[in-house]
Amino acid sequence: MDQAPGSPQDPQGPGDQGPQDARSLPTCYRHPDRETGIRCTRCERPICPECRVDAPVGFQCAECVRSGSGTGHPATAAQPRTLAGGKIAADPRLVTKVLIGINLAAFLVQLSVGDRFTDSFDLFGQAFLSGELQGVAEGQWYRLLTAMFLHGSYIHIMFNMLSLWWIGGPLEAALGRARYLALYFVSGLAGSALTYLIAAPNQPSLGASGAIFGLFGATAVLMRRLNYDMRPVIALLVINLIFTFGWSNIAWQAHIGGLVAGVVIGYAMVHAPRERRALIQYGVCALVLVAVVATTLVRTVQLT
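Residues numbered from 1 in each chain as written. Predicted model: local features only at pLDDT ≥ 70, side-chain atom pairs only at ≥ 80, totals over all residues. Heavy atoms only, no water.

Visitor: Sorry, what's going on with the overall build of the chain here?
Guide: Helix and strand counts for the chain stand at eleven helices and four strands. Residue burial in the chain is summarised as follows: out of 304 residues, 42% are buried. Counted over contacts in the chain with a minimum sequence separation of 6, partners at least 24 positions apart contribute 60%. By element, 61% of the accessible surface of the chain is carried by carbon and sulfur atoms, the whole surface being about 16,600 Å². (Helix = DSSP H or I, 4+ residues; strand = E, 2+ residues; numbered from the N terminus. Buried < 20%, exposed > 50% of the residue type's maximum accessible area, 1.4 Å probe, protein only. Contact = heavy atoms within 4.5 Å. Areas by Shrake-Rupley, 256 points an atom, 1.4 Å probe, with all protein chains shown as cover.)

Below, the structure written as structure tokens:
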């Protein structure tokens, strides 16, 4: 007959280690690399200090809290978050898909309506159009935004949308939807503002490149924060900068403005301390927007 170790028929000496002593601590059900001696008081799953939520008695896990455990905490108290503090979405690329859809829809309208539509919404400082003086300097500030969704050719929109998909999708998953949208639009506006400031008043500009270069900058900051190999993103950025300054008819001002804004906002997104993370992240976005408005006002005064 088989005998269990440590039974009366198989006594252990004082130096033997029984299975109870050799047993290691369980690991957190959400972080398998972390041992913990804490368990949820409702489902008894092991939970690490990061995953536990204070309950009237002991601690509870995120699932029990969301299911209405009666802890007094809101259901989102222990909701999993991205690195930047955003909510983890079921489709982490949804915003990127919507942005690509808007750009493609605007390009179809450009093809259908023609230059009349493009001239009404692209970016330029001041020029005579349809017999009257138009442009941002004449109060058409919306051009700083609408130009971000227009493109000049099939190649132009193809390269921009491929870049948006490759760079934007992973970045959206890392930041969360709200922070990703803030980064995209503020970077794009920063690129438009620098173009308005430096480019000739009658030089038209259009494209999502300013916003996409902002995503490039934030991606570089994120990869540095995660200690990833920086060489691929640096090589891609260098190639884009070569095209920016070596190809004619490219508004390099939008690329540089978006890139600088993306680096600044990206740093705030991934390095802000947890206890006041949202305040710093959106505060930096607001400061960049203030710089955009100030730049626009300065250039408007110059032109009028």
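Picking up after the structure, the text goes on.
Visitor: Can you walk me through the nonpolar core in this structure?
Guide: Soluble globular proteins tend to pack their nonpolar side chains together in the buried interior. Counting 51 residues, the largest nonpolar core has Leu-164, Leu-171, Tyr-184, Leu-215 and Ile-265 as its most contacted members. Those elements that provide at least two residues to this core are helix 3 (94-113), helix 6 (154-175), helix 7 (177-198), helix 8 (209-225), helix 10 (252-271) and helix 11 (277-303). When residues in this core are grouped by element, the largest group, nine residues, is from helix 7. Apart from the residues lying within four places of it in its own chain, the contact partners of Leu-164 are Thr-96, Leu-99, Ile-100, Gly-169, Tyr-180, Tyr-184, Ile-212 and Leu-215. Counting eight residues, the second largest nonpolar core, distinct from the first, contains Ile-47, Cys-48, Cys-61 and Cys-64. (Core = buried A, V, L, I, M, F, W, Y, C linked by side-chain atoms within 4.5 Å.)

Visitor: Would you mind showing me how to read helix 11 here?
Guide: Count 3.6 residues to each turn of an α-helix, and residues three or four apart come out pointing the same way. For helix 11, built from 27 residues, the straight-helix expectation of 39 Å at 1.5 Å per residue is met to within 8% by its first-to-last C-alpha distance of 40 Å. When helix 11 is considered as a whole, its buried residues turn out to be Arg-277, Gln-281, Val-284, Cys-285, Val-288, Val-292, Thr-296, Arg-299, Thr-300 and Leu-303. (Expected span 1.5 Å × (residues − 1).)

Visitor: Hey, could you run me through the pattern of salt bridges in this one?
Guide: When the charged atoms of two side chains lie near each other, side chains of opposite charge can form a pair. Inspection of every chain in the model, using the stated rule, returns four salt bridges. One salt bridge connects Arg-34 with Glu-50, and the closest N-O pair in it is separated by 2.8 Å. With a gap of 16 residues between them, Arg-34 in the loop between helix 1 (19-22) and strand 1 (53-54) and Glu-50 in the loop between helix 1 and strand 1 connect regions that are remote in the sequence. Taking the relative accessible area as the measure of exposure, Glu-50 reaches 51% and is therefore exposed. (Salt bridge = Lys/Arg side-chain N within 4 Å of Asp/Glu carboxyl O.)

Visitor: Looking at this model, I keep getting lost on the side chain of Arg-179. Mind explaining?
Guide: With respect to the helices, strands and loops of the structure, Arg-179 is situated in helix 7. Buried charge without a salt bridge: Arg-179, with Glu-172 as the nearest opposite-charge side chain at an N-O distance of 12 Å. Engagement of the side chain of Arg-179 in a polar contact is seen with the backbone oxygen of Ala-84, the distance being 3.1 Å. Ignoring any residue separated from it by four or fewer positions in sequence, one finds Arg-179 in contact with Ala-84, Gly-85, Gly-86, Met-269, Ala-278, Gln-281 and Tyr-282. (Lys, Arg positive; Asp, Glu negative; His and termini not counted. Polar contact = N/O pair within 3.5 Å; in protein donor to acceptor, adjacent residues only side chain to side chain.)

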